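What the coordinates show
The lines below spell out each chain.
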Amino acid sequence: MKSDTIQAAKPPAHLRPATKKWFKSVTENYELDGHHVRLLTLAAEAWDQAQTAREILDRDGQTFNDRFGQPKERPEVSINNSARIAFARLIRELALDVDAPADSRPPRTREYR
């Protein structure tokens with residue numbers, strides 16, 4: 001049976017240089033299957049989206065005045081929040097930590113109601 005393991009996968013060209021470097025370090029230090037590389041790619045893209053939104057917010061602020069002079073939240077606030085949540089979830093899904101965190105409660109069983 002052919003292994004689906006990919007080691008040191010090349011980072012996608014559209015990523016930022018620092019994100020490419022991180023992507024490469026992860027693929028060199030962990031043995032990832034093909035689906036893990038796809039999750040890593042999504043995580044890297046989410047990180048870059050959050051960084052782009054953060055730069056815009058740093059430059060322009062979190063609000064703008066609409067045509068009626070009323071303050072409105074910039075779309076980048078939502079983009080930043082969504083991308084950060086996606087990044088955190090994808091990293092958790094990849095389970096790159098060496099030691100798994102201890103569960104504070106037992107898993108649910110069928111008898112639990």
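Please refer to the structure placed before this passage.
Anyway, here's the lowdown on the structure attached to this text. (Residues numbered from 1 in each chain as written. Predicted model: local features only at pLDDT ≥ 70, side-chain atom pairs only at ≥ 80, totals over all residues. Heavy atoms only, no water.)

Side note on the environment of Phe-23
- Mapped onto the secondary structure, Phe-23 falls in helix α1 (residues 17-29).
- In this structure Phe-23 comes out as buried when scored by relative accessible area, which is 0%.
- Remark: the alpha-carbon pair of Phe-23 and Lys-10, spanning 13 residues in sequence, is separated by 8.2 Å.
- If we skip the residues at most four places from it in the chain, Phe-23 touches Ala-9, Lys-10, Pro-11, Pro-12, Leu-15, Val-37, Leu-40, Thr-41 and Ala-44. (Helix = DSSP H or I, 4+ residues; strand = E, 2+ residues; numbered from the N terminus. Buried < 20%, exposed > 50% of the residue type's maximum accessible area, 1.4 Å probe, protein only. Contact = heavy atoms within 4.5 Å.)

Side note on the side chain of Asp-48
- By secondary structure assignment, the location of Asp-48 is in helix α2 (residues 34-60).
- Summary of buried charges: Asp-48 has no salt-bridge partner, and the nearest side chain of opposite charge, Arg-16, is 4.0 Å away.
- A polar contact is formed between the side chain of Asp-48 and the backbone nitrogen of Arg-16, at a distance of 2.9 Å.
- Contacts of Asp-48, omitting those with residues within four sequence positions, involve His-14, Leu-15, Arg-16 and Thr-19. (Lys, Arg positive; Asp, Glu negative; His and termini not counted. Salt bridge = Lys/Arg side-chain N within 4 Å of Asp/Glu carboxyl O. Polar contact = N/O pair within 3.5 Å; in protein donor to acceptor, adjacent residues only side chain to side chain.)

Digging into the side chain of Thr-27
- Examined against the element boundaries, Thr-27 turns out to sit in helix α1.
- Here Lys-24 takes part through its backbone oxygen, which lies 2.9 Å from a polar atom of the side chain of Thr-27.

So, the pattern of salt bridges
- One pass over the full model with this rule turns up five salt bridges.
- Glu-28 is the partner of Lys-24 in a salt bridge, and the nearest nitrogen-oxygen pair spans 3.9 Å. With Lys-24 and Glu-28 both in helix α1 and four residues apart, the pair spans about one turn of that helix.
- One salt bridge connects Arg-54 with Asp-58, and the closest N-O pair in it is separated by 3.1 Å. With Arg-54 and Asp-58 both in helix α2 and four residues apart, the pair spans about one turn of that helix.
- You can call Arg-54 partly exposed: its relative accessible area is 29%.

Considering the packing of aromatic side chains
- Counted by the stated rule, this structure contains two aromatic pairs.
- Judged by centre distance (6.0 Å) and plane angle (50°), the ring pair of Trp-22 and Phe-87 falls under tilted. In this pair, Trp-22 is assigned in helix α1 and Phe-87 in helix α3 (residues 75-94), connecting sequence segments 65 residues apart.
- Centre to centre, the rings of Trp-47 and Phe-87 are 5.1 Å apart; their planes meet at 55°, and the pair counts as tilted. Note that Trp-47 is positioned in helix α2 and Phe-87 in helix α3, a separation of 40 residues in sequence.
- Take Trp-47: its relative accessible area is 39%, and that puts it in the partly exposed class.
- A network of ring pairs unites the aromatic residues Trp-22, Trp-47 and Phe-87 as a single cluster. (Phe/Tyr/Trp six-rings, centres within 6.5 Å; stacked < 30°, edge-to-face > 60°.)

Shape is all these values report; function is a separate question.
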